[in-house]
Amino acid sequence: AKAKGRNTYHFYSQELNAAANERLFIENELRTGIREGQFQVYYQPQVDCRKNQVVGYEALIRWFHPNEGMIPPTKFIPIAEATGLIVELGAWILQEACEFAARLASQDLKNNISINLSARQFKDANLVSTLDKIIKQTGVEPKRIHLELTESMLMGHVEAAILQLHQLKALGVSISIDDFGTGYSSLSYLKRFPVDILKVDRSFVKDIPEDSNDMEITAAIIAMAQKLKLNVVAEGVETKEQIEFLQNNNCFVVQGYYFSPPVSEAELPKLYEHLQSL
Ligand code: C2E
Ligand code: CA
Ligand code: CA
Ligand code: CA
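Residues numbered from 1 in each chain as written. Chains lettered and ligands numbered in written order. Predicted model: local features only at pLDDT ≥ 70, side-chain atom pairs only at ≥ 80, totals over all residues. Heavy atoms only, no water.

By the naming in an unreviewed UniProt entry, the protein goes by EAL domain-containing protein and is assigned to Pseudoalteromonas lipolytica.

Listed below in structure tokens is the structure:
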């Protein structure tokens, strides 16, 4: 038993070492990657499922590392967040996404662009002035910009969060609650926050129609959003059945692999063609 214990210890310490090394590697590579422009913003359409018409896009960052290939955001965003690099990277994402929105507007496409904010970025005292500058410089209509935040980002310092939200909203942008239903359930707080949109998390959508609890929860979130006069977007929609369920429950804007994964701007013509064919 003793020998086994020792092996187990070695096993875990090796795992920890590997994790720490990977973290260190990513941290170093992030700095280089930002400097050398290894990042690209991809866009996933949000579709009005009544007409298969794109109403907006969510901006999702992609990292194409010269040796490692594509490194997923779930792997590097937490490290960018912990090191503070997210502030610089996040400002670049805001800039890219607003330039994209301005290009769409110049083609008469009235699409919204949803941009994820990390906790660190949201708390940053310069966020409002950074965004204000980007909006003015790109000429994007502020109402086209939807900022996605999670419940947990709002719950820590409630008063500070409310103040920051009001300052962002004063720029004319909208606020969206991402992954709704997965955080601390904060229904009583929800009315205190000046938010505009709820995004129903994929975890509630993915097992529709097999899981009747998930169907009840999804229907309840949509109904509550309507009562609070919030718009609602369903995430992670992969099947026709899920779309039918959502539509029957008065949720008409959906996002997910059923319509398209996130794509580069160059792939948009192909995306429009695909949506036409559905
Ligand atoms: P999220 O904001 O909840 O983004 C949705 C994630 O679900 C994306 O993964 C998207 O590609 C994926 N997804 C969309 N539709 C489907 C579907 O039908 N099925 C499945 N299985 N997945 C679907 P992605 O791009 O890997 O991003 C993961 C997370 O990384 C995001 O979750 C977000 O928390 C973070 N992230 C991504 N881009 C950014 C960014 O620009 N800034 C910040 N702060 N975080 C980002
Ligand atoms: Ca999101
Ligand atoms: Ca989400
Ligand atoms: Ca998520």
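So, next bit.
> Is there a simple way to think about the packing of aromatic side chains in this case?
Between two aromatic rings, the relevant description is the distance of the centres plus the angle of the planes. A complete count under the given rule lists seven aromatic pairs for this structure. Where F39 meets F76, the ring centres are 5.6 Å apart and the plane angle is 65°; that geometry is what we call edge-to-face. Taken together, the residues F39 in strand β1 (residues 39–48) and F76 in helix α2 (residues 73–83) connect sequence positions 37 residues apart. In terms of burial, F39 and F76 fall into one category: buried. The interplanar angle of 20° and the centroid separation of 3.8 Å between the aromatic rings of Y43 and F100 together place this pair among those described as stacked. One end of the pair, Y43, is in strand β1; the other, F100, is in helix α3 (residues 85–106), and 57 residues separate them in sequence. (Phe/Tyr/Trp six-rings, centres within 6.5 Å; stacked < 30°, edge-to-face > 60°. Helix = DSSP H or I, 4+ residues; strand = E, 2+ residues; numbered from the N terminus. Buried < 20%, exposed > 50% of the residue type's maximum accessible area, 1.4 Å probe, protein only.)

> Honestly, the pairing of strand β6 (residues 174–180) in this entry has me stumped. Any pointers?
Regular strands show a simple pattern: their side chains alternate between the two faces of the sheet. The buried fraction of β6 is high, at six of seven residues. Alignment of strand β5 (residues 145–150) against β6, held across five bridges, turns out to be parallel. Bridging from a neighbouring strand, L149 pairs with I177 of β6. Judged from the three bridges that link them, β6 and strand β7 (residues 197–200) form a sheet pairing that is parallel. Among the inter-strand pairings, I177 is bridged to a residue of β7, identified as L198. (Pairing = 2+ DSSP bridges.)

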